[in-house]
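# Summary of the model geometry
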Amino acid sequence: MVHGVRLRDGKAEWYRNRYVGSTSVSQRRGQPDIPGRNWNDNPGGPNTNVGGFAGTTWAMVEAGGCPVELTYELETVGRNDFFGTLPGPFTAHPKVDEHTGELCYFDYGHEHPFMWYGVVNAAGSLVHHVPVELPGARLPHDMAITEHYSILHDLPVFNDEEAWRAGRHKIRFDSSLPARFGVIPRHGQPSDIRWFEFSPCFLYHVVNAWEEGDEIVMVACRYLPARTADGTI
């Protein structure tokens, strides 16, 4: 459910809340499914983030669902794959460059190469999309951008494969693996990525990132999960 307040001349003109459309919401209402591609046939809808970009309001979901376009009044328009240019799943936490209007995003999955990175122009069309090879399936949550670079996260947190194949959700943290940060030029290729290792941890969200000469500074929320003897969170 999304909530909105319209402010004008120091006054709240309206408040409203609306459910973001999805297959399950449509079924409960006895209505046809909302329009647009549903890559993984997920009956649920976005539940993670809402943002404005390219003159449109988008509701987004973690781990793969297609963004859902909303009107200014928060009514559902439908799933929007960036006007037909998005080739696959999308993240819930893209980053918008306030100077260029570009949106940078990543997505991840259970199949090789396990991560993808893309750039959407200010008009809302995908203009850059490259694979990012990881050692295995991971569960990254956020990323960062600076003026010239994007910083991608390879963190030692992932689904328990046996549980995942059985249809259950079980997360593992492997303290024997380092955290890694991949720095790629805004429109760079996979061969341009430089990886930097850090002590094992998980990062939920980035606070900010910027460039200082030939160095990049990233401030983020570092999380060290409590874990059992077998490494399960």
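Look above for the structure.
Described in the following lines is the structure provided in the data block. (Residues numbered from 1 in each chain as written. Predicted model: local features only at pLDDT ≥ 70, side-chain atom pairs only at ≥ 80, totals over all residues. Heavy atoms only, no water.)

This paragraph deals with the overall build of the protein chain. Scanning the protein chain from terminus to terminus reveals two helices and 18 strands. For 233 residues, the compact-globule formula gives about 17 Å, and the C-alpha radius of gyration of the protein chain, at 19 Å, lands near that figure. For the protein chain, the spread of C-alpha atoms along the principal axes amounts to about 50 × 50 × 35 Å. If you take every contact in the protein chain between residues at least 6 apart in sequence, the share linking residues at least 24 apart comes to 47%. Of the accessible surface of the protein chain, which amounts to about 12,500 Å², a share of 50% is contributed by carbon and sulfur atoms. Between the mean site of the 20 positive side-chain charges and the mean site of the 29 negative ones, the protein chain shows a separation of 8 Å. (Helix = DSSP H or I, 4+ residues; strand = E, 2+ residues; numbered from the N terminus. Rg over C-alpha atoms; globule rule 2.2 N^0.38 Å. Contact = heavy atoms within 4.5 Å. Areas by Shrake-Rupley, 256 points an atom, 1.4 Å probe, with all protein chains shown as cover. Lys, Arg positive; Asp, Glu negative; His and termini not counted. Charge placed at Lys NZ, Arg CZ, Asp CG, Glu CD.)

A few words now on the packing of aromatic side chains. As enumerated under the stated definition, the model contains 10 aromatic pairs in all. Pairing Trp58 with Phe82 gives two aromatic rings, centres 4.8 Å apart and planes at 35°, and the pair type is tilted. Residue Trp58 is located in strand S4 (residues 56-60), and its partner Phe82 is located in the loop between strand S6 (76-79) and strand S7 (95-96); the two are separated by 24 residues in the primary sequence. Judged on exposure class, the residue Trp58 and its partner Phe82 are both buried. With a centroid separation of 4.6 Å and 40° between ring planes, the pair formed by Phe90 and Tyr105 is classed as tilted. On the criterion of sequence distance, the pair formed by Phe90 in the loop between S6 and S7 and Tyr105 in strand S8 (residues 103-108) is long-range, its members being 15 residues apart. (Phe/Tyr/Trp six-rings, centres within 6.5 Å; stacked < 30°, edge-to-face > 60°. Buried < 20%, exposed > 50% of the residue type's maximum accessible area, 1.4 Å probe, protein only.)

Moving on: the sheet that holds strand S10 (residues 126-133). The sheet built from four strands is open, its strands ordered S7-S8-S9-S10 with antiparallel pairing. Taken across any chain shown, the strands that pair with only one partner, and hence form the sheet edges, are S7 and S10. Where S7 lies against S8, two bridges are found, and the strand directions are antiparallel. Following the sheet pairing, Lys95 is matched in S8 by Cys104. (Pairing = 2+ DSSP bridges.)

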